[in-house]
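Chain by chain, the residues:
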Amino acid sequence: MAALLIPHMLSQAARRLALSSPNGPLGLTLRRDAFDLLHLVTTERFGAQPNDNSAIAIRAGELIRSNLANPPSVSDLARIANVATSRFLDMFRQHYGMSPARFIRTERMYRAKERLQNATEEMTVNQLAGELGYRSTSHFVQAFRHEHGVTPAAFARNTSDV
């Protein structure tokens, strides 16, 4: 199974690298992606197993990324992992260096930036906000501006000018 995930994780890491600054939240996520990939390669080549805490955090990150519009709650993730909520939060923070809520915001901003840079058709900010699970377009615009220094519309215009 690890052999199937490695090319996907490499491509995801390369996209993140192109979109992130080394010290920003995406840079932290990129470094954690590298650790996740290292765990998989180690498991594949040497038969070593990542510790249970890392495996739980990696799986939780995958579940969140696969459903950013409606991510599972912390209590749902803890239940799936069969650990107490406080223990799950500790494992997640230890692995990713941030809370699940911050991880969700970071992933949403990464996905928004990626979608705006790679849009082949005109996408409205309302559509993108809904796709990423924001209940309010203004909240999405505010979060995007806070993260990237410009509104999503301005970012899309600047990207299309290049």
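None of these values were measured; they are calculated from a predicted model. (Residues numbered from 1 in each chain as written. Predicted model: local features only at pLDDT ≥ 70, side-chain atom pairs only at ≥ 80, totals over all residues. Heavy atoms only, no water.)

Trainee: Where do I start with the overall build of the protein in this structure?
Mentor: Secondary structure summary: the protein contains 9 helices and 0 strands in total. When the helices and strands of the protein are listed from N to C terminus, the series reads α-α-α-α-α-α-α-α-α. Here the protein holds 162 residues, and the buried ones make up 37% of them. Pairs at least 24 apart in sequence give 61% of the contacts found in the protein among residues at least 6 apart. If you sum the accessible surface of the protein, you get close to 9,300 Å²; carbon and sulfur atoms cover 54% of it. (Helix = DSSP H or I, 4+ residues; strand = E, 2+ residues; numbered from the N terminus. Buried < 20%, exposed > 50% of the residue type's maximum accessible area, 1.4 Å probe, protein only. Contact = heavy atoms within 4.5 Å. Areas by Shrake-Rupley, 256 points an atom, 1.4 Å probe, with all protein chains shown as cover.)

Trainee: How should I be thinking about the nonpolar core in this particular structure?
Mentor: Side chains that are nonpolar tend, in soluble globular proteins, to be buried together. Core analysis: the largest hydrophobic core is formed by 15 residues, its most contacted members being A60, I64, L77, F88, F92, Y96 and F103. By size, the runner-up hydrophobic cluster in this structure holds 12 residues, among which are L132, Y134, F140 and V141. (Core = buried A, V, L, I, M, F, W, Y, C linked by side-chain atoms within 4.5 Å.)

Trainee: Looking at this structure, how should I read unusual backbone geometry?
Mentor: Backbone geometry places N82, a non-glycine residue, at a positive phi of 60 degrees. Among the secondary structure elements, N82 is positioned in the loop between α4 (74-81) and α5 (85-96).

Trainee: What should I look at first to understand the packing of helix α3 (residues 52-66) against α4 in this one?
Mentor: When two helices pack together, their arrangement is given by the angle between their axes and by how far apart the axes lie. Axis separation between α3 and α4 bottoms out at 11 Å; the angle between their running directions is 135 degrees. Relative to α4, α3 is oriented oblique. Crossing angle aside, the handedness with which α3 passes α4 is right-handed. Here I56, A60, L63 and I64 of α3 lie close against α4, whose contacting residues are L77, I80 and A81. For the contact of α3 with α4, a count of residues per class yields 7 nonpolar, no polar and no charged. (Axes fitted to C-alpha atoms, helices over the stretch in contact; angles between N-to-C directions. Parallel < 35°, antiparallel > 145°, perpendicular 65-115°, else oblique. Left-handed = near helix turned anticlockwise from the far one by under 90°. Nonpolar A, V, L, I, M, F, W, Y, C, P; charged D, E, K, R; others polar.)

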